[in-house]
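As a plain string of letters, each chain reads:
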Amino acid sequence: MIVRSQIIGCGSYLPSRLVTNAELAAKVDTSDEWIVERSGIRQRHIAAEGETTSDLATNAALRALEAAGISGSAVDLLIVATATPDNTFPATATKVQSRIGMKHGAAFDIQAVCSGFVYALSVADNFIKSGQVQTAVVIGAETFSRILDWNDRATCVLFGDGAGAVVLRANRGKGSSADRGILSTHLHSDGSHYDLLYVDGGPSSTQTVGHVHMEGREVFRHAVINLAAVVGEALAANDLKASDIDWVVPHQANRRIIEGTAKKLGFPLDKMVMTVERHANTSAASIPLALTEAVGDGRIKPGQLVLLEAMGGGFTWGSALVRM
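On a predicted model such as this, the values are computed, not experimentally measured, just so you know.

The rules behind each value
Residue numbers run consecutively from 1 along every chain, following the written order of its sequence. With pLDDT at 70 or above as the cut-off, local features in this predicted model cover only qualifying residues; side-chain atom pairs require 80 or more to be listed or tallied, and sums for whole chains, interfaces and linings still use all residues. Excluded from the side-chain calculations are hydrogens and water; all other atoms, namely the structure's heavy atoms, are used. Salt bridge, as used here, is a side-chain nitrogen of Lys or Arg placed within 4 Å of a carboxyl oxygen of Asp or Glu. When accessible area is computed with a 1.4 Å probe and restricted to protein chains, residues below 20% of their type maximum are described as buried, those above 50% as exposed, and intermediate ones as partly exposed. The angle between two axes is taken between their N-to-C directions and runs from 0 to 180 degrees, where each axis is a line fitted to C-alpha atoms and a helix contributes only its stretch in contact. For the purposes of this entry, the term helix denotes a DSSP run of H or I that reaches at least four residues, the term strand denotes a run of E that reaches at least two, and both are numbered from the N terminus. Reported orientations rely on four angle classes, namely roughly parallel under 35 degrees, roughly antiparallel over 145, roughly perpendicular from 65 to 115, and oblique for the rest. We call a crossing left-handed when the near helix sits turned anticlockwise from the far one by less than a right angle, and right-handed when that turn is clockwise. Only heavy atoms enter the contact rule, under which two residues are in contact if any of them lie within 4.5 Å. In the scheme used here, Gly and all other residues not listed as nonpolar or charged are polar, with Ala, Val, Leu, Ile, Met, Phe, Trp, Tyr, Cys and Pro taken as nonpolar and Asp, Glu, Lys and Arg as charged. Strands were regarded as paired on the criterion that DSSP finds at least two bridges between them. Cavity means a closed set of points on a 1 Å grid over the protein atoms alone, one where a 1.4 Å probe fits but cannot get out, pocket means an open set with protein on both sides within 12 Å along at least 5 of 7 lines, and lining means a residue has an atom within 4 Å of a point. Grid points are joined across faces, edges and corners, and a volume is the space filled by probe spheres set on the points. The criterion for an aromatic pair is that two Phe, Tyr or Trp rings (for Trp, the six-membered ring) have centres within 6.5 Å, with stacked assigned to planes under 30 degrees apart, edge-to-face to planes over 60 apart and tilted to the rest. Criterion for a charge above a ring: Lys NZ or Arg CZ within 6 Å of the ring centre, and within 35 degrees of the ring normal.

Caption draft 1: Spotlight on the pattern of salt bridges. Under the definition given, this model contains 14 salt bridges. A salt bridge links R299 to D297, with the shortest nitrogen-to-oxygen separation between them at 2.8 Å. Look at D297 and you get partly exposed, because its relative accessible area is 45%.

Below you can see the structure in the form of structure tokens.
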């Protein structure tokens, strides 16, 4: 018998304000057709004035805890994956810890941009497998709208705000791919591509927040190659084939990246959970947002095999194979 980290609850939160492509087209030189053709995005949620990443994260965490049927006092570990924390310090996770009533254990942030949720899931899984933690909450939360240059049509049309969360609990398994829980995680980074997707600010460099800059064509090319490779790595590690996967929940960066990765791996598009049209790219929040939606509407069922994959600035990328 081995210890597995089983997902026992999912939750999400989206700010109430919706911004359509038409609204953006009235402010910058773009159009609904241009945005949809290049990204598949039609709208995005934007946090209200004064609404912070910790607010979004707390709402998502409380909903995940409700779905799991447990209270915050039962949580031993809380990780927030975010590139847009409330403050330079303390960690946004400590604010969430206090708000959900978590009284013991540890809370901290992880920064791997769009791959952050997969990174955080891997860290929590290893804490659980080591026996240090029984119950963990993993959150991806972003207010990416706060680091956008709203005059830059190449970036401002692509991103949105939101949060998603899962509750993990230690569960016994036999050590096979039939076990429920996280079967494996696979993480990578390559800092030589740092300047292809970055924010031009920070405490030690400019003492400012800065704005997102991206070489879209190069990011697209690397994304399809890296994501296909890390998905293949997850399948090989568990002696599985693409046809064994029930659902793929990809990072919702761009519909064309999702389609390109699916084609490269031979996954049918109807197995890909896609929310990018309605959520845009919510960075670390995109996978748990999409996962929560697919669990909530009944597409993803208990016992099904789900593959999560993401790539973000750094570059960072990773995958996680989970039996629900």
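Caption draft 2: Quick look at the packing of helix α7 (residues 216-237) against helix α8 (residues 255-265). Interaxial distance between α7 and α8 falls to 9 Å at its minimum, and their mutual angle equals 45°. The orientation of α7 relative to α8 falls into the category oblique. As α7 runs across α8, the sense of the crossing is right-handed. Contact residues: α7 offers F220, A223, V224, L227, A228, V231 and G232, while α8 offers R256, I257, G260, T261, K264 and L265. When the residues that make up the contact of α7 with α8 are grouped by side-chain class, the tally is 8 nonpolar, 3 polar and 2 charged.

Caption draft 3: Focus on the pairing of strand β7 (residues 161-173). In this sheet, β7 lies alongside strand β1 (residues 2-13) in antiparallel orientation, the contact comprising 11 bridges. The residue of β7 that forms the bridge with Q6 is R169. Across 9 bridges, strand β6 (residues 135-143) lies against β7 in antiparallel orientation. Its bridge partner being in β7, E142 is matched across the sheet by G162.

Caption draft 4: Quick peek at the sheet that holds strand β12 (residues 305-312). With mixed pairing, 4 strands are arranged side by side in an open sheet as β8-β13-β12-β11. Edge strands, defined here as strands with exactly one partner in the open sheet, are β8 (181-189) and β11 (247-250). The sheet shows a mean angle of 15° between the axes of neighbouring strands, direction not considered. As judged from the 4 bridges shared by β11 and β12, these two strands associate in the parallel manner. The residue bridging V248 from the neighbouring strand is L307, located in β12. Across the sheet, helix α5 (residues 116-129) is in contact with β8, β12 and β13 (316-323); its angle to β8 comes to roughly 125°. Lying over the sheet, α7 contacts β8, β12 and β13, oriented at roughly 145° with respect to β12.

Caption draft 5: Examining the layout of surface pockets more closely. For the second largest pocket, the calculated volume is near 190 Å³. Every residue along the wall of the second largest pocket is listed here: I7, I8, G9, C10, A67, R180, V295, I300, K301, P302 and M324. A per-class count over the lining of the second largest pocket returns 8 nonpolar, 1 polar and 2 charged.

Caption draft 6: The packing of aromatic side chains, seen in detail. Taken as a whole, this structure holds 2 aromatic pairs when the rule is applied. Judged by centre distance (6.5 Å) and plane angle (50°), the ring pair of F108 and F127 falls under tilted. Here F108, found in strand β5 (residues 106-110), pairs with F127, found in helix α5; they are 19 residues apart in sequence, far enough to count as distant. Measuring from ring centre to ring centre gives 4.8 Å for F144 and F159, while their planes differ by 25°; the resulting arrangement is stacked. Within this pair, whereas F144 is found in the loop between β6 and α6 (153-156), its partner F159 is found in the loop between α6 and β7, the two being separated by 15 residues in sequence. For F144, a relative accessible area of 4% corresponds to the buried category. Given a relative accessible area of 4%, F159 falls into the buried group. Across the ring face of W34, the terminal group of R153 is positioned such that the distance to the ring centre comes to 4.5 Å. If you follow R256 out to its NZ or CZ, it ends over the ring of F220, 5.5 Å from the centre.

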